[in-house]
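# Breakdown of the fold
So you can see what is in the structure, the chains are spelled out below.
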Amino acid sequence: MSSFTPRNDLIERALELAQKGWGTTHPNPMVGALIVEHGMVVAEGWHQQAGGPHAEVAALQNLGRKPEEGAEMYVSLEPCSSTGRTPPCTSAILNAGIKKVVVCAIDPDSRHAGHGLDLLREHGVEVALAPPELGERAARLNFIFNQYVITGRPMIALKMATSLNGMVAERAGYPSCVTGEAARADVMHWRRLFPAICVGSGTVIADDPVLTARFSTGEWCPVRLVVDSSLDSLSESFHPRRVYSDQYKDRTILLTTARGMANIECINRAQELGIRVIELASGDDGRVSPTAIRQTLVDLELCGMYCEGGPTLARSLLGAEEIDYVFHYQSNKNFSSPEALHGPDLKNLNIGHALNQVFGEDQLTHGFL
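Scope of this entry: the structure provided in the associated data block. Given the structure is predicted, the values throughout are model-derived calculations rather than measurements. (Residues numbered from 1 in each chain as written. Predicted model: local features only at pLDDT ≥ 70, side-chain atom pairs only at ≥ 80, totals over all residues. Heavy atoms only, no water.)

## Observations regarding the pairing of strand β3 (residues 72–75)
Quick reminder of the rule: Partly exposed residues are those whose accessible area sits between 20% and 50% of the maximum for their type, while under 20% is buried and over 50% is exposed, using a 1.4 Å probe and protein chains only. Runs of H or I in DSSP of at least four residues are treated as helices and runs of E of at least two as strands, each being numbered from the N terminus. Here a strand pair is declared whenever DSSP counts at least two bridges between the two strands. When the strands point away from the viewer and the connection leading from the first strand across the helix to the second strand turns clockwise, the crossover is called right-handed.
Side chains Glu72 and Tyr74 project from β3 onto one buried face, and the interleaved Met73 and Val75 project onto a second face that is buried too. With 4 bridges joining them, strand β1 (residues 32–37) and β3 adopt antiparallel strand pairing. Bridge pairing in β3 places Leu34 opposite Tyr74. Summarising the sheet, β3 and strand β4 (residues 100–103) pair through 4 bridges and their orientation is parallel. Among the inter-strand pairings, Tyr74 is bridged to a residue of β4, identified as Val102. Handedness of the β3-helix α3 (residues 89–96)-β4 crossover: right-handed.

What follows is the structure in structure tokens.
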């Protein structure tokens, strides 16, 4: 057992550092680390991108010298003990002479879980774990990575914004502001986390969305997947939608069926625009098979997808039990017009480990299915 007591403020700081890698580390986890001497933080680091230095190594590099005797390291995730793109972090810690390590969360991969801690202890390092509440926060931070590394299945998350009476638009076929500005800004936060975003053709036609994460500091574009069984969204009836014609169009991929591939006019238009089209299997309803979407994520080496609907695609994925995580934004508005568009029934979903946040008059509930 460890004889020293971890400091919660330093654990919190390790988590803050980890979040600096928000959305940039896939398929790796976000990890933060700091080095403490005589009770003072003397160096910090975080994992910035796959293939780059891990957080522990970054902190040691930023220190620029050998840690003093008695130095401690706080790290948000168990140090890796095997060689991947980079050498194991346990070796870096041992070579640096650090003798006290605080770990916030255990590696979720059963092949490695606890091995790094055992290795450090075998070499005389005192290891302490974060209190359970902070440990849970550290683990939840990497929920996309956790599922991917444990199951090999990319994380598919569904985001829906509904009115108080379950509508997703005030008028079908037209864009609506269901939630307020603060909730919409939060959506940008989650768009930035996932490596891919997905919508159905109806959303592309009705809303002409950009599907980027937009902040005061700039704009970022994930891989944009459009599920369009017949390629209607490329029809000449519509001006080229922005996902097919903007500066990020090379990050747009159309997922269609044999029916869509037979639409030669739209296939030619996709080629003219430089849009990649992938044929997927169709279900009994003639639409893209929801189970085929996850396999496509695997093929594209994408560990997660943020699906923004619309309601047809959402119902399809929910019905096939292909949703792993739900973000449900609910406003206090009522869309009572006969032309209002119903969303899928989200109120009766059994959301596990749910988290709740309030954004003005809107509420977000998110958690696992």
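## Topic: the nonpolar core
Basically, it comes down to this: Nonpolar cores are built from buried Ala, Val, Leu, Ile, Met, Phe, Trp, Tyr and Cys residues. Side-chain atoms within 4.5 Å join them into one set. We call two residues in contact when some of their heavy atoms are within 4.5 Å.
One finds Phe143, Trp190, Phe194, Tyr244, Phe327 and Tyr329 to be the most contacted residues of the largest nonpolar core, which totals 40 residues. Counting only elements with at least two residues in this core, the list comes to α6 (143–151), β6 (155–162), α7 (181–193), β8 (196–200), α9 (242–245), α11 (264–273) and β15 (325–330). Excluding residues that lie within four positions of it along the chain, Phe327 makes contacts with Phe143, Ala157, Leu158, Lys159, Met160, Trp190, Phe194, Tyr306, Leu364, Thr365 and His366. Grouped together as the second largest cluster of nonpolar side chains are 38 residues, Ala43, Ala71, Leu120 and Ala130 included.

## A look at the layout of surface pockets
Which entries qualify depends on this criterion: A 1.4 Å probe that fits into a set of points on a 1 Å grid over the protein atoms alone but cannot get out defines a cavity; an open set with protein on both sides within 12 Å along at least five of seven lines defines a pocket, and lining residues are those with an atom within 4 Å of a point. Grid points are joined across faces, edges and corners, and a volume is the space filled by probe spheres set on the points. Ten residues, namely Ala, Val, Leu, Ile, Met, Phe, Trp, Tyr, Cys and Pro, are considered nonpolar, four, namely Asp, Glu, Lys and Arg, are considered charged, and the remaining ones, Gly among them, are considered polar.
Empty space within the largest pocket amounts to approximately 1200 Å³. Lining the largest pocket we find 48 residues, and of these Thr203, Asp207, Glu308, Gly309 and Gly310 sit closest to its centre. Of all the secondary-structure elements, those providing two or more residues to the lining of the largest pocket are β6, β7 (167–169), α7, β8, α8 (201–207) and α13 (311–319). It is α8 that provides the largest number of residues to the lining of the largest pocket, a total of 6 residues. Broken down by class, the residue content of the lining of the largest pocket amounts to 23 nonpolar, 13 polar and 12 charged. Considering only enclosed or pocket space, the second largest pocket measures out at about 710 Å³ in volume. Lining the second largest pocket are 29 residues; nearest its centre among them are Asn28, Pro29, His54, Cys80 and Phe145. Contributing elements (two or more residues each) for the lining of the second largest pocket: α2 (55–63) and α6. Here the lining of the second largest pocket takes 3 residues from α6, the largest share from any one element. For the lining of the second largest pocket, the class distribution of residues is 12 nonpolar, 11 polar and 6 charged.

## Quick notes on the packing of aromatic side chains
What counts, and what does not: Aromatic pairing here means that ring centres of Phe, Tyr or Trp (its six-membered ring) are within 6.5 Å. Orientation follows from the plane angle: under 30 degrees is stacked, over 60 is edge-to-face, and everything else is tilted. Remark: a charge is flagged as sitting over a ring if the NZ atom of Lys or the CZ atom of Arg is within 6 Å of the ring centre and within 35 degrees of the ring normal.
Inspection of the entire model under this criterion finds 11 aromatic pairs. Taking the centre distance of 4.9 Å and the plane angle of 85° together, the rings of Tyr325 and Phe368 count as edge-to-face. Here Tyr325, found in strand β15, pairs with Phe368, found in strand β18 (residues 362–368); they are 43 residues apart in sequence, far enough to count as distant. A residue is classified by how much of its surface remains accessible, and Tyr325, at 0% relative accessible area, is buried. Taken together, the ring pairs connect Trp22, Phe143, Trp190, Phe194, Tyr306, Tyr325, Phe327 and Phe368 into an aromatic cluster. Positioned above the aromatic ring of Trp220 is the side chain of Arg192, whose terminal nitrogen or guanidinium carbon lies 4.0 Å from the ring centre.

## A closer look at the side chain of His328
In plain terms, the rule: Here a polar contact means two N or O atoms within 3.5 Å. Within protein one must be a hydrogen donor candidate and the other an acceptor candidate, and residues neighboring in sequence count only if both atoms are side-chain atoms.
On the secondary structure map, His328 appears in strand β15. A relative accessible area of 11% places His328 in the buried class. Among the polar contacts made by the side chain of His328, one reaches the side chain of Thr162 at a distance of 2.8 Å. In contact with His328, other than residues within four places in its own chain, are Met160, Thr162, Leu346, Gln363, Leu364 and Thr365.

## Focus: unusual backbone geometry
In this structure, the amide linkage connecting His26 to the following residue, Pro27, adopts the cis form with an omega of 5°. One can find Pro27 in the loop between α1 (8–18) and β1. A positive phi angle, near 55°, is found at His38, a position not held by glycine. Relative to the helices and strands, His38 resides in the loop between β1 and β2 (40–46). The exposed category is assigned to His38, whose relative accessible area is 70%.

## Some details on α2
Those residues of α2 lying buried are Ala55, Glu56, Ala58, Ala59, Leu60 and Leu63. The elements touched by buried residues of α2 are β1, β2, β3 and α3. Just past α2, the residue Gly64 takes up positive phi, approximately 75°.

## Things to note about empty space enclosed by the protein
Taken as a whole and judged by the stated rule, the model has 1 cavity of 30 Å³ or more. If you add up the space inside the largest cavity, you get close to 70 Å³. Considering the residues around the largest cavity, the lining is formed by Thr25, His26, Asn28, Pro29, Met30, Leu141, Asn142, Phe143, Ile144, Phe145 and Leu193. The element contributing the most residues to the lining of the largest cavity is α6, with 3 residues. Class assignment for the residues of the lining of the largest cavity results in 7 nonpolar, 4 polar and no charged.

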